[in-house]
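Structure assessment
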Amino acid sequence: MEALPSLPSERILVPLLAVASAAFVAYIALQLPRWTHRISRRLLSSLPKSTAKEAAFEESQPVIVSKELDFPSDWWTSRKLFELEKRAVISKTWLHVCHSTLFKKAGDYRAFQIADFSFFVVLGKDGRLRAFHNICRHRAYSVVTKSEGSCLVMRCKYHGWSYDTQGKLIKAPKFEDNQGFSKSDNNLFEIRTFIDSSGFVYANFDVYGSDGLTIRVGVPIRAKLTLVDSWGVEANFNWKFAVPSGAFSVSSLIYLNKFAELLTKASGLFESWKWPTEFELSPLTRLMRSSNGEHWLTITVIPVSESQSTIQCSFYSSRTDSKAALRVTAVKQEIDDSIQKLERCFTIVSASDEIPDAASQEPLLAEIKAHSRLERLMGGEVHPASRMRATSQACKVADDLCRELELAAHEKLPALNGLDGLAW
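Keep in mind that what you see is a predicted model, and the values were worked out from it rather than measured. (Residues numbered from 1 in each chain as written. Predicted model: local features only at pLDDT ≥ 70, side-chain atom pairs only at ≥ 80, totals over all residues. Heavy atoms only, no water.)

When its secondary structure is counted, the protein shows seven helices and 15 strands. The buried share of the protein, reckoned over its 424 residues, is 41%. For the protein, the computed accessible surface area is about 23,800 Å², with 55% contributed by carbon and sulfur atoms. (Helix = DSSP H or I, 4+ residues; strand = E, 2+ residues; numbered from the N terminus. Buried < 20%, exposed > 50% of the residue type's maximum accessible area, 1.4 Å probe, protein only. Areas by Shrake-Rupley, 256 points an atom, 1.4 Å probe, with all protein chains shown as cover.)

All right, on to the sheet that holds strand β14 (residues 295-303) then. Pairing is antiparallel in the open sheet, where five strands are placed in the order β11-β15-β14-β13-β12. Both edges of this open sheet fall to β11 (226-235) and β12 (278-282), since each of them pairs with a single strand only. Between one strand axis and the next, the sheet turns through 20 degrees on average, direction left out of account. Pairing of β12 with strand β13 (residues 285-289) involves four bridges; the strand directions are antiparallel. In the sheet register, phenylalanine 279 faces β13, and the bridge partner there is leucine 287. Across the face of the sheet, helix α5 (residues 324-352) comes into contact with β11, β14 and β15 (309-317) while running at roughly 20 degrees to β11. (Pairing = 2+ DSSP bridges. Axes fitted to C-alpha atoms, helices over the stretch in contact; angles between N-to-C directions. Contact = heavy atoms within 4.5 Å.)

With that out of the way, let us pick up the pattern of salt bridges. Going through the model one piece at a time under the given rule, you end up with 13 salt bridges. For glutamate 375, the salt bridge goes to arginine 87, with nearest N and O atoms at 2.6 Å. One end of the pair, glutamate 375, is in helix α6 (residues 358-378); the other, arginine 87, is in helix α3 (residues 79-88), and 288 residues separate them in sequence. Judged by relative accessible area, glutamate 375 falls into the buried class, the value being 10%. What makes arginine 87 buried here is its relative accessible area of 9%. Several salt bridges share partner residues, and in doing so they unite Arg79, Glu83, Lys86, Asp116 and Glu306 into one network. (Salt bridge = Lys/Arg side-chain N within 4 Å of Asp/Glu carboxyl O.)

What follows concerns unusual backbone geometry. Even without a glycine there, the phi angle at alanine 140 is positive, about 60 degrees. Tracing the backbone shows alanine 140 in the loop between β4 (129-133) and β5 (148-150). Even without a glycine there, the phi angle at aspartate 353 is positive, about 60 degrees. Along the chain, aspartate 353 turns up in the loop between α5 and α6.

So, on to α3. Burial within α3 is extensive, with seven of its ten residues counted as buried. Taken residue by residue, α3 has Leu81, Phe82, Leu84, Glu85, Lys86, Arg87 and Ala88 as its buried positions. On its buried side, α3 packs onto β3 (117-123), β14 and α6. The N-capping residue of α3, defined by a side-chain oxygen 3.4 Å from the backbone nitrogen of lysine 80, is serine 78. (Polar contact = N/O pair within 3.5 Å; in protein donor to acceptor, adjacent residues only side chain to side chain.)

With that out of the way, let us pick up the sheet that holds strand β7 (residues 162-164). The strand order β6-β7-β8 describes an open sheet built from three strands, whose pairing is antiparallel. The open sheet has two free edges, formed respectively by β6 (153-155) and β8 (169-171), since each of these has just one partner strand. Mean inter-strand twist for the sheet, computed between neighbouring axes without regard to direction, equals 35 degrees. As judged from the three bridges shared by β6 and β7, these two strands associate in the antiparallel manner. Paired with methionine 154 across the two strands is tyrosine 163, which belongs to β7.

Take the pairing of β15 next. For β15, the tally of buried residues reaches eight of nine residues, placing the bulk of the element in the interior. Relative to β15, β14 runs antiparallel, the two being bridged by nine bridges. Bridge pairing in β15 places threonine 300 opposite glutamine 312. Hairpin connection of β14 to β15: five residues between the antiparallel strands.

Our focus in this paragraph is the packing of aromatic side chains. On inspection of all chains with the given rule, the structure shows 14 aromatic pairs. Look at tryptophan 76 and phenylalanine 346: their rings are 6.5 Å apart centre to centre, the planes differ by 85 degrees, and that puts the pair in the edge-to-face class. Of this pair, tryptophan 76 sits in the loop between α2 (49-60) and α3 while phenylalanine 346 sits in helix α5, and the two are 270 residues apart along the sequence. Its relative accessible area of 6% is what places phenylalanine 346 among the buried residues. Here phenylalanine 194 and tyrosine 202 contribute two aromatic rings whose centre-to-centre distance is 5.8 Å and whose plane-to-plane angle is 50 degrees, an arrangement assigned as tilted. Given a relative accessible area of 30%, phenylalanine 194 falls into the partly exposed group. Put simply, the rings of Phe112, Phe117, Phe119 and Phe205 pair up and form one aromatic cluster. The residue whose ring lies beneath lysine 240 is tryptophan 75, and the NZ or CZ to ring-centre distance is 4.7 Å. (Phe/Tyr/Trp six-rings, centres within 6.5 Å; stacked < 30°, edge-to-face > 60°. Lys NZ or Arg CZ within 6 Å of the ring centre and 35° of its normal.)

This is the structure we're talking about:
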């Protein structure tokens, strides 16, 4: 009986199947953008004609810089407005400060400067983080003079007044024996602090207890972060100009694996495929994470004047990475490039009094309007961060008005509609 011809060996079939599978996957990846484009065109054509035309027009048009009538003409350049912003926004908003992992043992402290507010955060013996105004109660000299350090007793170098990690006055040379002098009445002025579930530390200077433009989104970071590097860059633009999301481009945090890179190139229609993810920790701070969630970057815009800001950056890692320093170098370069771009744009916009992204500025405008109205009602400037909070009826009225106007600003109640313009 004649034998049947033998089939190809398994060593030939397996490579052929692998090549065929790879070719099929490549074909799908190459055709996916074309298919999604066809589907979107069909969906667009199925809309009513008027809607389809409007959608096509909006898709084809670039973002146009618009000027909002509600904004003052000197929104970017007014010194008087900048001073009002410090009272209306910076003084009573939860602001991101740092990360709690920077404090290892009791006495560790970090000093900060935001606008006119000089303060420091210190870890107490009881394991609690506290923030204090960096002002000695004797002659208002700085209690700590270094940006960071560690000490259980903070001694003012002017006349030797000393404080513990809880801000209590423990030594006041030549005053302790004076009749009527009380140490407990001369403790450091404490600032409200908050630590979120991811370990980020926030401070609020308002002695009235308001929350201002509170963000605190609660970033889900399960890993313990370690600070790799921290740096600051001087910038020539108004702090509000860098508030919109996407103001800083940091593409060096995008390092995808080949499969994720293929999917990203195959279709740009899916928002969830965009890396990195950006969070808003406070009106001044943005948090960016790498595509794999191992590296985190905070970018804080610190107001200095109506035309100057300091960009403070901190790069964190959730694991030991020998290449982290290289990533920091790339990130620094991109931050510098973004700052230069913002400076060029600010020069053009400030000269024309235009508002490039009015939607991002409207919450700030509402807060400023509310505080401006409060000051008109009080007949003078209201400084929420001032520690001269007496028990007078005037202060109680200011307290009630602050809460009422903040509620109106956040919920857009008709109370704001009655504003007759700001006294800039």
